[in-house]
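Overview (structure and organization)
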Amino acid sequence: MKDKRTRTPENSGRRQFLRTGLAMGGLAVSSASLPVLAQSARDHGDHDMHQMHEQMHGNGHAGHDAHGEVDAKTLRAMMGYDRVEDIPLRGPADAVARLPYTERDGVKEFELTAEPIRWAYAEGRTILAWGYNGQVPGPEIRATEGDRVRIRFTNNLPVPTSLHWHGLHVPFAMDGVPGVTQKAVMPGETFVYEFDAVPAGTRFYHTHGSHHGDESVQMDMGLSGSFIVEPKDGSRSFDKEMTLLLGEWQLGAEGMNQVVATGGHEHEIGGDHATGGYNLFTLNGRSYPDVPSLKVREGERVRIRMINAGSMSIHPMHIHGHSFEVVAIDGNAVPEAARQMRDVVTLAPGERFDVEFTADNPGIWVLHCHELHHAAMGMIMLIEYEGFEAEAKAPPPATAPAGHAGHHGH
Ligand SMILES: [Cu+2]
């Protein structure tokens, strides 16, 4: 991919800025790519009969449990489908690590959509979600500092949304804040974002809601992904890198998402007070023990780019058996003289920490959130050295009061 990279001159002033803003800022065209909606329940017979069938056979997904209940109207409003089982089931096997791009006139063009899905956060366990390109987190966008990038974003959700470039210095018309920099992207519409990828570092993209007030609701549905801007000079201080996107969820029974069940009111329902209503914590969309291990080789220098893409929780991320060096905060390099050796770094929502460690202590180690409720609810990853196989995996995490969640099998 390296030889395909082109670099464009950086945005050269007000004239360029205005041209971009006018050309791209208000562009919203309708798209034919609305999700294929499920046939209405009426087509299959009386809705009550359908629910009764689910209750009798215990294989339904909604409408028969006080904690996971959602009526068809709410489900349609939030997910665009009448029945949970019609919502596309997606998991890691369907996901791509990095978003492919095509080059056109020196511009890197990316395609992103927002889609209603059932996301497999662990083996045999799903949660209703909104995913970019149908995955959680969205695919990583990679660019080189100064690249001109164009992201064609199509909203296939049943609700308006937006796309914000967190930590990137974009022209304001590209900032993706509904009511401030643009109108929300309506269901079925496409909005084209275009800007220079600056500055270098660990950035990310996420929804900014449909209007002021529902940003957390949309974030809590899974709408985020990493955006890594590699330095123009090609400098690289590590042998191996990984991006770790921290997520938090309000899981209901049978794979229900409480954001959906409450029609977007989420926090009003309270829940487990120790964790503010969040009861499932993910790393790159997966919950321990189903978080893929970081595999390292002795002697390697390893960078982990941590991104807190949650809307509320603070995560003190702790590594066992090693210290790591904080090399960048919020994507920006820390001068060498100011670098700290830590074994915990704490990320508030929106923060990023790039840490590096030298793999000099062979074995199997955990990297986990030291808010231990979060660890218990999934926020753990193993670091496995070559030659070491993880022992038998731990039992599934407690995700909610027993019997009320996490048994949505597929
Ligand atoms: Cu945490």
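Residues numbered from 1 in each chain as written. Predicted model: local features only at pLDDT ≥ 70, side-chain atom pairs only at ≥ 80, totals over all residues. Heavy atoms only, no water.

**Points about the coordination of the copper ion**
- Protein coordination at the copper ion: the donors are His315 (ND1), Cys369 (SG) and His374 (ND1), at 2.0 Å from the metal.
- Donor residues for the copper ion sit on one chain with the sequence pattern H-x53-C-x4-H. The two residues cysteine 369 and histidine 374 agree in class, both being buried. (Donors = N, O, S within 2.8 Å, 3.2 Å for Na, K, Ca; no water. Buried < 20%, exposed > 50% of the residue type's maximum accessible area, 1.4 Å probe, protein only.)

**Here we look at the nonpolar core**
- One finds Trp165, Tyr193, Phe195 and Phe227 to be the most contacted residues of the largest nonpolar core, which totals 43 residues.
- Put simply, the parts of the chain that give this core at least two residues each are α3 (72–79), β4 (107–122), β5 (125–132), β6 (138–144), β7 (148–155), β9 (189–196), β11 (224–230) and α5 (258–261).
- When sequence neighbours within four positions are dropped, the list of residues in contact with tyrosine 193 reads Val149, Arg150, Ile151, Phe153, Ser162, Leu163, Trp165, Met174, Gly176, Gln182 and Val185.
- Within the second largest apolar cluster, 34 residues are counted, among which are Leu244, Leu246, Tyr288 and Met377. (Core = buried A, V, L, I, M, F, W, Y, C linked by side-chain atoms within 4.5 Å. Helix = DSSP H or I, 4+ residues; strand = E, 2+ residues; numbered from the N terminus. Contact = heavy atoms within 4.5 Å.)

**Some words on α3**
- When α3 is considered as a whole, its buried residues turn out to be Thr74, Leu75, Met78 and Met79. Projected onto a plane normal to the axis of α3, the buried residues spread over an arc of 100 degrees and lie on a single side.
- Elements in contact with the buried residues of α3: β4, β5 and α5.
- The distance from a side-chain oxygen at the start of α3 to the backbone nitrogen of lysine 73 is 3.1 Å, and the residue carrying that oxygen is aspartate 71.
- In the stretch just after α3, glycine 80 is the one whose phi turns positive, near 80 degrees. (Arc of directions from axis to C-beta. Polar contact = N/O pair within 3.5 Å; in protein donor to acceptor, adjacent residues only side chain to side chain.)

**Let's talk about the pairing of strand β13 (residues 280–283)**
- Side-chain alternation along β13 places Leu280 and Thr282 on one buried face and Phe281 and Leu283 on a second face that is also buried.
- Of the strand pairs in this sheet, strand β12 (residues 240–249) and β13 are connected by four bridges, and their pairing is antiparallel. Counted as the bridge partner of tryptophan 249 is leucine 280 from β13. (Pairing = 2+ DSSP bridges.)

**Examining the sheet that holds strand β10 (residues 201–206)**
- Reading across the sheet, the four strands line up as β6-β11-β10-β8 and stay open at both edges, with mixed pairing between neighbours. Edge positions in the open sheet fall to β6 and β8 (164–166), since each of these has one partner strand only. For this sheet, the mean inter-axis angle between neighbouring strands, taken without regard to orientation, is 25 degrees.
- Both β8 and β10 contribute to a ladder of three bridges, which runs antiparallel. Bridge pairing in β10 places tryptophan 165 opposite tyrosine 205. (Axes fitted to C-alpha atoms, helices over the stretch in contact; angles between N-to-C directions.)

**So, the sheet that holds strand β22 (residues 364–369)**
- With mixed pairing, the five strands of this open sheet are ordered in space as β14-β23-β22-β16-β20. Two strands in the sheet have a free side with no partner beyond their single neighbour: β14 (294–296) and β20 (344–347). Shown here is a sheet whose adjacent strand axes are inclined to one another by a mean of 20 degrees, direction ignored.
- Strand direction decides the pairing type here: strand β16 (residues 315–319) and β20, joined by four bridges, are antiparallel. Looking across to β20, one finds that proline 316 is bridged to threonine 346.

**A look at the pattern of salt bridges**
- Scanning the entire structure with this criterion turns up 25 salt bridges.
- A salt bridge links aspartate 82 to arginine 76; the shortest N-O distance between them is 2.7 Å.
- One salt bridge in this structure joins arginine 152 and glutamate 111, with 3.8 Å as the shortest N-O distance. Taken together, the positions of arginine 152 in strand β7 and glutamate 111 in strand β4 put the pair 41 residues apart, joining distant regions of the chain.
- When salt bridges that share partners are traced, they join Arg98, Glu140, Arg142, Glu230, Glu241, Arg301, Arg303, Arg305, Glu325, Arg339, Asp354 and Glu356 into one network. (Salt bridge = Lys/Arg side-chain N within 4 Å of Asp/Glu carboxyl O.)

**Things to note about the environment of methionine 256**
- Its place among the elements puts methionine 256 in the loop between β12 and α5.
- With 172 residues separating them along the chain, methionine 256 and valine 84 place their C-alpha atoms 8.9 Å apart.

**Concerning the confidence of the model for the protein chain**
- Per-residue confidence for the protein chain gives a mean pLDDT of 82, with 76% of residues at or over 70.
- Confidence drops under a pLDDT of 50 for residues 1–67, and excluding neighbours within four residues, the segment shows 108 contacts in the predicted structure. (pLDDT = per-residue confidence, 0-100.)

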